[in-house]
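Results of the structural survey
Residue strings, one per chain:
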Amino acid sequence: MYGSTWSRSAGACDPWSLKAPATGDADPGVIRCGMAARLRSGALLAGGALLVGWLLFSWFERQMLYYPDPDLYTTPEREGMAFEDVRITTEDGVSLHAWFIPAKVAGDRRAIVVCHGNAGNIADRVPFARLLHEGVGGHVLLFDYRGYGRSDGQPSEAGLYADGVAAVAALRARPEVDPAKVVVFGRSLGGGVAAELGRRDPELAGVVLESTFTSIPEMAGRVFPLPGIGALVQSQYDNLSK
């Protein structure tokens, strides 16, 4: 014969099949093959379910952490403060939107960077900026994280850290600011950004945290008291260690 054919019996095992063969009175080898096929099917289904669950949890975590608002409903000018509309480019190329509010007193070279919380945008922080401007003095920089207000990109822990670094660098580069007199203020989620800036930059004149948590995993455990919930959280913002 110039050709040959290959066939298998009804009870033969296909090692790549997800369907176990009908065993009937088949020999033990075929039975073991059927069991292996079922185990393989179960493992693939379980792996798929875990992947889908992880993706859903990641999406839910993101929704819980970040509440950006693209609409700026007010400006510092409406609160009686002169300001400059500026753009800041981060190290990874993301363009951020910010408002620079110059000091009321000529020659005051102190400055403060405001790292806001997880919701809204810099428009919501204009009244607070006025309190700083009038009560503390110095220059004030309000900036929006990536994905907030008129800033480009999407928020993430590493991204927000990069945004904070770029905001401080941009403020220090201004001629009316003394680079050695820059303070970082962080509230809520912004406290996590401020704490990281303080860890990275010993040249900061000070770091002020308000209503800041110890870490995201610990906070998740308090909000959702389920066993092991903290281990599933991807974002850390481990402020206590800093």
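Scroll up to find the structure this text is about.
Attention here is on the structure that accompanies the text. (Residues numbered from 1 in each chain as written. Predicted model: local features only at pLDDT ≥ 70, side-chain atom pairs only at ≥ 80, totals over all residues. Heavy atoms only, no water.)

Turning to the overall build of the protein chain, a few remarks are in order. For the protein chain, the count of helices and strands is six helices and eight strands. Ordered by position from N to C terminus, the α and β elements of the protein chain give α-β-β-β-β-β-α-β-α-β-α-β-α-α. Per-residue burial over the protein chain gives 41% buried out of 242 residues. When the accessible area of the protein chain is evaluated, it comes to approximately 13,600 Å², of which 60% is carbon and sulfur surface. (Helix = DSSP H or I, 4+ residues; strand = E, 2+ residues; numbered from the N terminus. Buried < 20%, exposed > 50% of the residue type's maximum accessible area, 1.4 Å probe, protein only. Areas by Shrake-Rupley, 256 points an atom, 1.4 Å probe, with all protein chains shown as cover.)

Bringing the side chain of aspartate 201 into the picture now. Checked against the element boundaries, aspartate 201 lands in the loop between α4 (189-200) and β8 (206-210). For aspartate 201, the side chain forms a polar contact with the side chain of arginine 172, separated by 2.6 Å. For aspartate 201, the side chain forms a polar contact with the main-chain nitrogen of glutamate 203, separated by 3.0 Å. Dropping the residues within four chain positions of it, aspartate 201 is found in contact with Val168 and Arg172. (Polar contact = N/O pair within 3.5 Å; in protein donor to acceptor, adjacent residues only side chain to side chain. Contact = heavy atoms within 4.5 Å.)

Now for the sheet that holds strand β2 (residues 84-89). Strands sit in the order β2-β3-β6-β4-β7-β8 across an open sheet of six strands; the sheet is mixed. Both outer strands of the open sheet, β2 and β8, are each paired with one neighbouring strand and no more. Within the sheet, the average angular offset between the axes of one strand and its neighbour, ignoring direction, is 25°. Sheet strands touched by α4: β4 (111-115), β7 (182-187) and β8. Its angle to β7, the strand with the most contacts, is close to 145°. (Pairing = 2+ DSSP bridges. Axes fitted to C-alpha atoms, helices over the stretch in contact; angles between N-to-C directions.)

Its location among the elements puts aspartate 92 in the loop between β2 and β3 (95-101). For aspartate 92, a relative accessible area of 47% translates into the label partly exposed. Along the chain, aspartate 92 and alanine 162 lie 70 residues apart, while their C-alpha atoms are 7.9 Å from each other. Of the polar contacts made by the side chain of aspartate 92, one reaches the side chain of arginine 146; its length is 2.8 Å.

Take the pattern of salt bridges next. Evaluation of the coordinates by the stated rule reveals 14 salt bridges. With a closest N to O distance of 2.6 Å, aspartate 201 and arginine 172 form a salt bridge. In this pair, aspartate 201 sits in the loop between α4 and β8 while arginine 172 sits in helix α3 (residues 157-172), placing the two residues 29 residues apart along the sequence. You can call aspartate 201 buried: its relative accessible area is 18%. Close ionic contact of glutamate 176 with arginine 174 constitutes a salt bridge, the shortest N to O distance being 3.2 Å. With relative accessibility at 19%, the residue arginine 174 sits in the buried group. Because the salt bridges share partners, they merge into one network encompassing Glu196, Arg199, Arg200 and Lys242. (Salt bridge = Lys/Arg side-chain N within 4 Å of Asp/Glu carboxyl O.)

A contiguous nonpolar patch, built from Met64, Tyr67, Met219, Val223, Phe224 and Leu226 and spanning about 530 Å² of accessible area, is present on the exposed surface. If you trace the backbone, tyrosine 67 turns up in strand β1 (residues 67-68). (Patch = residues over 30% accessible without salt bridge, like charges linked within 9 Å, V, L, I, M, F, W, Y side chains within 5 Å.)

Looking now at unusual backbone geometry. Non-glycine residue serine 188 carries a positive phi angle of around 55°. On the secondary structure map, serine 188 appears in the loop between β7 and α4. If you check the backbone angles, tyrosine 237 has positive phi at about 45° while not being a glycine. Tracing the backbone shows tyrosine 237 in the segment after α6 (229-232).

In this section: the pairing of β2. Of the pairings in the sheet, the one linking β2 to β3 comprises six bridges and is antiparallel in character. Paired with threonine 89 across the bridge in β3 is serine 95.

Under the defined criterion, the tally for this structure stands at six aromatic pairs. Taking 5.5 Å as the distance between ring centres and 85° as the angle between the ring planes, the aromatic pair formed by phenylalanine 143 and tyrosine 145 counts as edge-to-face. Residue phenylalanine 143 shares its accessibility class with tyrosine 145, and that shared class is buried. Ring centres of phenylalanine 213 and tyrosine 237 lie 6.4 Å apart, and the angle between their planes is 90°; this geometry places the pair in the edge-to-face category. With phenylalanine 213 in the loop between β8 and α5 (216-223) and tyrosine 237 in the segment after α6, this pair connects stretches of sequence that are 24 residues apart. Taken as a pair, phenylalanine 213 and tyrosine 237 share a single burial class, namely buried. Arginine 174 extends its terminal NZ or CZ atom over the ring of phenylalanine 100, reaching a point 3.7 Å from the ring centre. One Lys or Arg, arginine 187, reaches over the ring of phenylalanine 128 and ends 4.4 Å from the middle of that ring. (Phe/Tyr/Trp six-rings, centres within 6.5 Å; stacked < 30°, edge-to-face > 60°. Lys NZ or Arg CZ within 6 Å of the ring centre and 35° of its normal.)

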